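Coordinate inspection notes
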Amino acid sequence: MLNQLVIFAIRLLSRTVIFQRRRKFKRSLRDPQLTQLQVLDQLQKKLKDTDRIKALNWPAGASYLEFAQTVPCVTYDDLETLIKSQMTNKNSILSPDKVMFYERTSGSGGTAKFIPYTKTYLGILNHLFLLWVDDLLHSSLRFRSAKTFLCVTPPLHHESAG
């Protein structure tokens, strides 16, 4: 009985804590195309002052089609020298945000890769994590006890951004 009460309290707390985020997320699912265009607009405003975008001559307020024609799909290998330069010089080549740290990963294979983590990126990951936990708590899973272990670990080794 006590376990069920604790589980109910946790579920209620999760709903209360992320109510606005969940509601905004669900609204965005009604019109994915509009949501994607809004995200593109936000990216354009944020990235317009980066060295990478300036070099591509990306027009302000570009449509999705102009974006797709101007900004090529690239691999990590295509960006590796830019990332290393950004790590060394702490400039805004790829992101206007200050990089908090670079996580070293091998990805799906090959040599080590360094993934930049900015405050904005960490905020997005946190937002998605909270939505996932809320969904998990309110799914058809039947928790038998109030014992739950979730582990989201920071990198064991990372290259500091300074």
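The text that follows walks through the structure, step by step, so that each part is easy to find.

**Observations regarding the overall build of the protein chain**
From N to C terminus, the protein chain includes 7 helices and 3 strands. Put simply, the protein chain runs from its N terminus to its C terminus through helices and strands in the order α-α-α-α-α-α-β-β-α-β. Looking at the protein chain as a whole, 22% of its 162 residues qualify as buried. Across the protein chain, the fraction of contacts at a sequence separation of at least 24, relative to all contacts at a separation of at least 6, is 48%. Per element, the accessible surface of the protein chain, about 12,200 Å² overall, is 59% carbon and sulfur.

**Comments concerning the layout of surface pockets**
Volume-wise, the largest pocket comes out at about 1,600 Å³. Lining the largest pocket are 38 residues, with Val39, Leu43, Thr120, Tyr121 and Ile124 sitting closest to its centre. Among the secondary structure elements, those contributing two or more residues to the lining of the largest pocket are α2 (19-30), α3 (32-47), α4 (51-56), α6 (76-89), β2 (113-118) and α7 (119-137). The leading source of residues in the lining of the largest pocket is α3, at 8 residues. Broken down by class, the residue content of the lining of the largest pocket amounts to 21 nonpolar, 10 polar and 7 charged.

The rules behind each value
Residues numbered from 1 in each chain as written. Predicted model: local features only at pLDDT ≥ 70, side-chain atom pairs only at ≥ 80, totals over all residues. Heavy atoms only, no water. Helix = DSSP H or I, 4+ residues; strand = E, 2+ residues; numbered from the N terminus. Buried < 20%, exposed > 50% of the residue type's maximum accessible area, 1.4 Å probe, protein only. Contact = heavy atoms within 4.5 Å. Areas by Shrake-Rupley, 256 points an atom, 1.4 Å probe, with all protein chains shown as cover. 1 Å grid on protein atoms, 1.4 Å probe; cavity = no way out; pocket = protein on both sides within 12 Å on 5 of 7 lines; lining within 4 Å. Points joined across faces, edges and corners; volume = space filled by probe spheres on them. Nonpolar A, V, L, I, M, F, W, Y, C, P; charged D, E, K, R; others polar.

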